[in-house]
Amino acid sequence: MRVYVFKRFVIAGVTLLGMSMLIFVLMRLAPGNITDIVFESAGYVDEADRKRLEAELGIDKPVAVQYAHWLGEFVRGDLGKSYRYDLPAWEVIKPRLPVTLELAVLALGFSVLLGVPAGVISATRRGRPLDYALRVLSLAGLSMPSFWLGMIVILLLVRSLGLIPSMTYVSPFENLGANLFQFLLPGLAVGYRSSALIMRITRSAMLEVLREDYIRTAWAKGQRETQVVWRHAFKNASLPVITLIGIEFAFLIGGLIVTETVFNLPGVARYLVDAIQVRDYPIVQNLVMLIAVVVVLANLAVDLRYTWLDPRIKYGRA
């Protein structure tokens, strides 16, 4: 097991190193930089002032030196300085992380609570009206963008009940009820789409497992349906489901840009777009790297859970 974990960490480290190179190079390939934007907004260009600003920001150094400096600071936990706000990048990112994390966790919770039971029920009721109804709902969830669904829900609440969600972020420490009401709609809108995908994968995995001989043996022994379905079948069918849940969580951390914009939530994903527009390198690079770290760690956590879910998987054979 130790050898397997060590190998997985090495692979994760190499992956993150490659991601850091790709992120850094792509940012430098984008036309213009922060100095161009500053001087364009000021309406004049003074080459001496431009060079002085580039030297102050450190973007006049060779690209390799800039990369080594940035990567070293990131590993030490120093996210650098925001060019736009003239503040440490962590001070700009820190207040936005709880917003995105709360929305992502809430949406993932809804998706699991809705998608897993629906997938199991659809598989066990294959070919029946309930199965067709659940499959239609899942296709609808995959077809409708979450931000569009959120806007429709807002319009229905306003017209039917006269309820208007708060258009400014409310911290749970200030007003927990208002905070939950504010995040309930975007959480459901995003969670519905993810639950549809989880439902489809769960159904497919369950149908495959339910055909196995040991499931027929369990039925022949007269075991209860709940025990056969949830204890025997679902546990062995949960590998692709767990993998998808981990991937979905990583996707939600960085894929909530439009949703945060529609619901006016000051999260990380929404701010990332603003930082890209003004070429705020430290903010963009570090946010994308943080998202990459979440993706890699989520996949690592899923891999380490495989042997608990399926004893047939041995770490030493990985």
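Bear in mind that the values here come from a model prediction, so they are computed numbers and not experimental data.

Cut-offs and rules
- Residues numbered from 1 in each chain as written.
- Predicted model: local features only at pLDDT ≥ 70, side-chain atom pairs only at ≥ 80, totals over all residues.
- Heavy atoms only, no water.
- Helix = DSSP H or I, 4+ residues; strand = E, 2+ residues; numbered from the N terminus.
- Buried < 20%, exposed > 50% of the residue type's maximum accessible area, 1.4 Å probe, protein only.
- Contact = heavy atoms within 4.5 Å.
- Areas by Shrake-Rupley, 256 points an atom, 1.4 Å probe, with all protein chains shown as cover.
- Axes fitted to C-alpha atoms, helices over the stretch in contact; angles between N-to-C directions.
- Parallel < 35°, antiparallel > 145°, perpendicular 65-115°, else oblique.
- Left-handed = near helix turned anticlockwise from the far one by under 90°.
- Nonpolar A, V, L, I, M, F, W, Y, C, P; charged D, E, K, R; others polar.
- Core = buried A, V, L, I, M, F, W, Y, C linked by side-chain atoms within 4.5 Å.
- Phe/Tyr/Trp six-rings, centres within 6.5 Å; stacked < 30°, edge-to-face > 60°.
- Lys NZ or Arg CZ within 6 Å of the ring centre and 35° of its normal.
- Salt bridge = Lys/Arg side-chain N within 4 Å of Asp/Glu carboxyl O.
- Arc of directions from axis to C-beta.
- Patch = residues over 30% accessible without salt bridge, like charges linked within 9 Å, V, L, I, M, F, W, Y side chains within 5 Å.
- pLDDT = per-residue confidence, 0-100.

Student: Explain the overall build of the protein here, please?
Tutor: From N to C terminus, the protein includes 14 helices and two strands. Buried residues in the protein amount to 39% of all 318 residues. Expressed as a percentage of contacts within the protein between residues at least 6 apart in sequence, the contacts between residues at least 24 apart total 73%. As presented, the protein carries roughly 17,600 Å² of accessible surface, and 66% of it is formed by carbon and sulfur atoms.

Student: Whenever I open this one, the packing of helix α7 (residues 129-143) against helix α9 (residues 176-209) confuses me. Can you help?
Tutor: Two packed helices can be described by the angle between their axes and the distance between those axes. At a closest axis distance of 8 Å, the pairing of α7 and α9 adopts a crossing angle of 135°. Viewed along their axes, α7 and α9 adopt a mutual orientation that is oblique. In this structure, α7 crosses over α9, and the sense of that crossing is left-handed. Facing α7, whose interface residues are Asp131, Leu134, Arg135, Leu137, Ser138, Leu139, Ala140, Gly141 and Leu142, α9 presents Tyr192, Arg193, Ala196, Leu197, Met199, Arg200 and Arg203. Residue composition of the contact of α7 with α9, by class: nine nonpolar, two polar and five charged.

Student: I keep staring at the nonpolar core and nothing clicks. Help me out?
Tutor: When a protein is soluble and globular, its nonpolar side chains tend to lie buried together. Within the largest apolar cluster, 56 residues are counted, with the highest numbers of intra-cluster contacts made by Ile198, Met206, Leu252, Leu256, Leu265, Ile283 and Leu287. Per element, the largest residue contribution to this core is ten residues, and it comes from helix α11 (residues 225-254). Sequence-distant contacts of Leu252, defined by excluding residues within four places in its chain, comprise Thr100, Ala104, Ala107, Leu108, Val190 and Ser194.

Student: Help me understand the packing of aromatic side chains, please; the structure alone is not making it clear to me.
Tutor: Each aromatic ring pair is characterised by the separation of its centres together with the angle its planes make. Tallied over the full model, the rule gives five aromatic pairs. Ring geometry for Trp70 and Phe74: centres 6.3 Å apart, planes at 45°, overall tilted. Of the two residues, Trp70 and Phe74 are both situated in helix α4 (residues 63-75); the distance of four residues between them amounts to about one turn of the helix. An aromatic cluster is built from Phe24, Tyr67, Trp70 and Phe74, whose rings are joined through pairwise contacts. The residue whose ring lies beneath Arg96 is Tyr271, and the NZ or CZ to ring-centre distance is 4.2 Å.

Student: Looking at this structure, I do not really get the pattern of salt bridges. What am I missing?
Tutor: Two side chains that carry opposite charge are able to pair once their charged atoms sit near each other. Tallied over the entire structure, the rule returns five salt bridges. A salt bridge links Glu225 to Arg125; its shortest N-O distance comes to 3.1 Å. Placement of the pair is Glu225 in helix α11 and Arg125 in the loop between α6 (97-124) and α7, with a sequence separation of 100 residues. Across the pair Arg216 and Asp213 runs a salt bridge whose closest N-O atoms are separated by 2.8 Å. Highlighted residues: Arg216 and Asp213, both in helix α10 (residues 213-220), separated by three residues, approximately one helical turn.

Student: How should I be thinking about the side chain of Ser122 in this particular structure?
Tutor: Checked against the element boundaries, Ser122 lands in helix α6. If we ignore the near neighbours within four places in the chain, the residues touching Ser122 are Asp131, Leu134, Arg135, Met199 and Arg203.

Student: How should I be thinking about helix α13 (residues 268-277) in this particular structure?
Tutor: Counting along an α-helix, one turn takes 3.6 residues, and residues three or four places apart therefore face a common direction. Of all the positions in α13, only Val268, Ala269, Tyr271, Leu272 and Ala275 are classed as buried. Each buried residue of α13 lies within a common arc of 155° when the element is viewed along its axis, so the set occupies one face.

Student: I keep staring at a nonpolar patch on the surface and nothing clicks. Help me out?
Tutor: Residues Phe147, Trp148, Met151, Ile152, Leu155, Leu156 and Val258 make up a contiguous nonpolar surface patch of about 630 Å² in total accessible area. Per-element accounting of the nonpolar patch gives the leading share, six residues, to helix α8 (residues 146-161). Relative to the assigned elements, Leu156 resides in helix α8.

Student: Honestly, the environment of Asp60 in this entry has me stumped. Any pointers?
Tutor: Mapped onto the fold, Asp60 is located in the loop between α3 (47-57) and α4. Exposure remark for Asp60: the relative accessible area of 45% places this residue in the partly exposed category. Beyond its immediate chain neighbours, meaning those up to four positions away, Asp60 contacts Glu54, Ala55 and Gln66.

Student: I'm lost on the packing of α6 against α7 in this one. Help?
Tutor: Taken N-terminus to C-terminus, the directions of α6 and α7 make an angle of 140°; their axes are 8 Å apart at the nearest point. Here α6 lies oblique to α7, going by the angle between them. You can see that α6 and α7 cross each other, and the crossing is left-handed. Within the contact between the two elements, α6 uses Ala118, Ile121 and Ser122 and α7 uses Leu130, Asp131, Leu134 and Arg135. Here the contact of α6 with α7 is composed, by residue class, of four nonpolar, one polar and two charged.

Student: What am I meant to see in the confidence of the model for the protein here?
Tutor: In low-pLDDT regions, the fine details of the predicted coordinates are not to be read closely. Mean pLDDT over the protein stands at 80; residues scoring 70 or higher make up 87%. Least confident of the elements in the protein is helix α2 (residues 34-42), whose mean pLDDT is 64; most confident is α6, at 90.

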